[in-house]
Amino acid sequence: MYPILLDGQYLAIEFQSFIGAVDNSHELAFDGHQQYPGVYAILFFKSRRVRSIGLHLARHMGKLRRSTYLDPLQHLLKKCICILET
């Protein structure tokens, strides 16, 4: 998942409904040690339930051990820093 897709308000709201419905039906988890930068974007949603799903998924991905893992997160990090500065 690409975090920039969640910048749109409509898509973000629809995604919250979708991930909540999927979590109700299935236990969400990742297979292997792949990195999905969009998971970290989920941690900033307003919905506590969606954030807890994101936290669960982020824990399954493990720690960010390489600097190359941070490259896809640049957009999200810049966005969060701008929010904190205002």
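Residue positions within a chain follow its written sequence, with the count starting from 1. With pLDDT at 70 or above as the cut-off, local features in this predicted model cover only qualifying residues; side-chain atom pairs require 80 or more to be listed or tallied, and sums for whole chains, interfaces and linings still use all residues. To obtain the side-chain values, all non-hydrogen atoms of the structure were included, while hydrogens and water were left out.

**A word on the overall build of the protein**
Item 1. Helix and strand assignments come from DSSP, with helices taken as H or I runs of at least 4 residues and strands as E runs of at least 2, each series counted from the N terminus. Along its length, the protein carries four helices and zero strands.
Item 2. For the protein, the succession of helices and strands along the chain, N to C, is α-α-α-α.
Item 3. Partly exposed describes any residue whose relative accessible area lies between the buried limit of under 20% and the exposed limit of over 50%, with all areas from a 1.4 Å probe on protein chains only and scaled to the type maximum. The buried share of the protein, taken over its 86 residues, is 27%.
Item 4. Contact between two residues is taken to exist if any of their heavy atoms lie within 4.5 Å; hydrogens are not considered. Considering only contacts in the protein between residues 6 or more positions apart, those separated by 24 or more positions represent 65%.

**Some remarks on the packing of aromatic side chains**
Item 1. Each pair of aromatic rings taken from Phe, Tyr and Trp, with Trp reduced to its six-membered ring, is defined by centres within 6.5 Å and is described as stacked if the planes are under 30 degrees apart, edge-to-face if over 60, and tilted in the remaining cases. If you walk through the whole model with that rule in mind, you get one aromatic pair.
Item 2. Taking 6.0 Å as the distance between ring centres and 45° as the angle between the ring planes, the aromatic pair formed by Phe15 and Phe45 counts as tilted. Linking Phe15 in helix H1 (residues 9–25) with Phe45 in the loop between helix H2 (38–42) and helix H3 (48–61), this pair joins segments that are 30 residues apart in sequence.

**Details of the packing of H1 against H3**
Item 1. Remark: H1 packs on H3, axes separated minimally by 10 Å, with the N-to-C direction vectors making an angle of 65°. Crossing of H1 against H3: the hand is left-handed. Residues Gln16, Ile19, Gly20, Asp23 and Asn24 of H1 lie in contact with H3, whose contacting residues are Arg49, Val50 and Ile53.
Item 2. Only Asp, Glu, Lys and Arg are considered charged in this grouping, and only Ala, Val, Leu, Ile, Met, Phe, Trp, Tyr, Cys and Pro are considered nonpolar; every other residue, Gly among them, is considered polar. Among the residues making up the contact of H1 with H3, the classes are represented as three nonpolar, three polar and two charged. For helices, the axis comes from a line fit to the C-alpha atoms of the stretch in contact; other axes are also lines fit to C-alpha atoms, and the angle between any two N-to-C directions lies between 0 and 180 degrees. What makes a crossing left-handed is the near helix being turned counterclockwise from the far one by less than a right angle; a clockwise turn instead makes it right-handed.

**Structural notes on the pattern of salt bridges**
Item 1. Note on definitions: salt bridges are taken to be side-chain nitrogens of Lys or Arg within 4 Å of carboxyl oxygens of Asp or Glu. Taken as a whole and judged by the stated rule, the model has one salt bridge.
Item 2. In this structure, the salt-bridge partner of Asp23 is Arg49, at a minimum N-O distance of 3.6 Å. You can see Asp23 sitting in helix H1 and its partner Arg49 sitting in helix H3, a full 26 residues away along the chain.
Item 3. For Asp23, a relative accessible area of 27% translates into the label partly exposed.

**Brief notes about the environment of Tyr40**
Item 1. Considering the arrangement of structural elements, one finds Tyr40 in helix H2.
Item 2. Separated by 14 residues in the primary sequence, Tyr40 and Gly54 place their C-alpha atoms 6.9 Å from one another.

**Examining the nonpolar core**
Item 1. Buried Ala, Val, Leu, Ile, Met, Phe, Trp, Tyr and Cys residues form a nonpolar core when they are joined through side-chain atoms within 4.5 Å. The biggest cluster of nonpolar side chains holds 17 residues, and the ones touching the most others in it are Ile19, Tyr40, Ile42, Phe45 and Leu76.
Item 2. Taken together, the elements giving at least two residues each to this core come down to H1, H2, H3 and helix H4 (74–85).

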